[in-house]
Each structure stands twice: as structure tokens, then as C-alpha cells.
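# Residue-level structure breakdown
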Amino acid sequence: MDESAVERAKERVEQRADAAAVDGVLERTRAQLEALAAAAETAAASLPERVETAVQDGLREQVRPVGRNLAEIRGLMNGVIRRLETLEGDALAERHARVDDLALLVDLISSGWTSVDARLARLESVVTRLEQGLQDRGGAMVYRIEDRRPDAAGGA
């Protein structure tokens, strides 16, 4: 294997570690957002009673800004949730891309080993045929190099 393939594999392993860290941050953020949503729902559930009491006590003017602030917080929280869902989708897409890359790498490696196995099988068959031929003849024929040279034929 060449060095660039090893480097690409190392980079993908590092990217996988980065994706795991992002997943951890997403999970913690999601848990905190759920806790915030629960607190907002609790506050929203008790808000009508408080408003009614405030109206009775003449505090209507002090309650209006609180309602606007709560509506603004809800809007901001919905925006954060949408952004987190987008990040989660992006992280999932990257994870799938890395799995696809890993599958391609496995296919390349397995096809390489299949090729090596086929070459070894061919070599083994050649060696087997040679051994069989030697056994069938009862030995190997020996040729003298001097007899094969053209300059030796004329006599030295």
C-alpha cells in the first residue's frame, strides 16, 4: 500500500473521533434544551394564575413585558432546536459518508488479497506440474552450458 492511502485512513480515523465529540456535545445540548423546555412549560402553566393574581392586584402593566419576554424566549428556543436538528442531520450524513468510505476501503483490500490468492494458486499449479513432470521422467535433463554456446561449437 502507498503512504497516501495510509494517511487518508489516519485522517478518517481522526474525523471519526471528531464526529464522536460533536455527538456528545449534541446530546448534552439536547438534554439541556429539554430541561429548559420543561422549565418553560412549568412557567407557562403557572403564568395564567400569576397573571390573574396580578390583574386583581393591579399589576397588569408589570406582567405584559414578562409575556413578551417569554414569547421571545420560545422563539429563540425554537430557532436553536432547528439549528441543532440541522447539525444532527449534517453529522449523520458525514457518518454515513465515512461508513461508505470504509466499505470502499474494505472492498479494495479484499480485492487485492483475492488477486494475491489467485497469483499464488497459479504459482502452486506451475510448481505442481513441474514436480509431476520430474517424477514422471524419473529425473531432470541436464544440459551443459558449453554445449549451448555458439563459440564452443567451433572448438576452442
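Residues numbered from 1 in each chain as written. Predicted model: local features only at pLDDT ≥ 70, side-chain atom pairs only at ≥ 80, totals over all residues. Heavy atoms only, no water.

### Some words on the overall build of the protein
Counted only if it meets this: Strands here are runs of E lasting at least two residues and helices are runs of H or I lasting at least four, both read from the DSSP assignment and numbered beginning at the N terminus. Three labels apply to residues, based on accessible area from a 1.4 Å probe with only protein chains included: buried if under 20% of the type maximum, exposed if over 50%, partly exposed otherwise in between. Here the open area of atoms and residues is found with the Shrake-Rupley method and a 1.4 Å probe, where only the protein chains shown may cover a residue.
Within the protein, the regular secondary structure consists of four helices and zero strands. The helix and strand sequence of the protein, counted from the amino end, reads α-α-α-α. A buried classification covers 8% of the 156 residues belonging to the protein. Summed over its atoms, the accessible surface of the protein is roughly 13100 Å², and 57% of this surface lies on carbon and sulfur atoms.

### Re a negative patch on the surface
Inclusion rule: Every patch collects residues that have over 30% relative accessible area and no salt bridge, joining them within 9 Å if they carry like charges and within 5 Å if they are nonpolar side chains (Val, Leu, Ile, Met, Phe, Trp, Tyr). What counts as a salt bridge is simple: a side-chain nitrogen of Lys or Arg found within 4 Å of a carboxyl oxygen of Asp or Glu. Within this scheme the basic residues Lys and Arg register as positive and the acidic residues Asp and Glu register as negative, but His and the chain ends are omitted. The atoms used to mark charge sites are NZ of Lys, CZ of Arg, CG of Asp and CD of Glu.
A surface patch of like charges, here negative, comprises Asp2, Glu3, Glu7, Glu11, Glu14 and Asp18. Looking at the element boundaries, Glu14 is found in helix H1 (residues 3–56). What makes Glu14 exposed here is its relative accessible area of 54%.

### Some points on a nonpolar patch on the surface
A grouping of Ile109, Trp113, Val116, Leu120 and Leu123 is seen on the molecular surface, where their side chains present a nonpolar patch of about 500 Å² in accessible area. Tracing the backbone shows Val116 in helix H2 (residues 60–137). Residue classification places Val116 among the partly exposed positions, given a relative accessible area of 35%.

### Brief notes about the pattern of salt bridges
One pass over the structure, following the stated rule, counts two salt bridges. Here Arg30 and Glu88 are joined by a salt bridge, their closest N and O atoms 2.8 Å apart. Here the residue Arg30 occupies a position in helix H1, and Glu88 occupies one in helix H2, the gap between them amounting to 58 residues. Residue Glu88 is classed as partly exposed on the basis of its relative accessible area of 38%. In this structure, the salt-bridge partner of Glu94 is Arg98, at a minimum N-O distance of 3.3 Å. Pair noted here: Glu94 and Arg98 are both in helix H2, with a separation of four residues, about one helical turn. For Glu94, a relative accessible area of 43% corresponds to the partly exposed category.

### Digging into the confidence of the model for the protein
Condition: Confidence of the predictor at the level of single residues is captured by pLDDT, which takes values from 0 to 100.
Summary statistics for the protein give a mean pLDDT of 81 and a share of 81% for residues scoring 70 or more. Per-element confidence in the protein is highest for H2, whose mean pLDDT is 89, and lowest for helix H4 (residues 150–153), whose mean pLDDT is 60.

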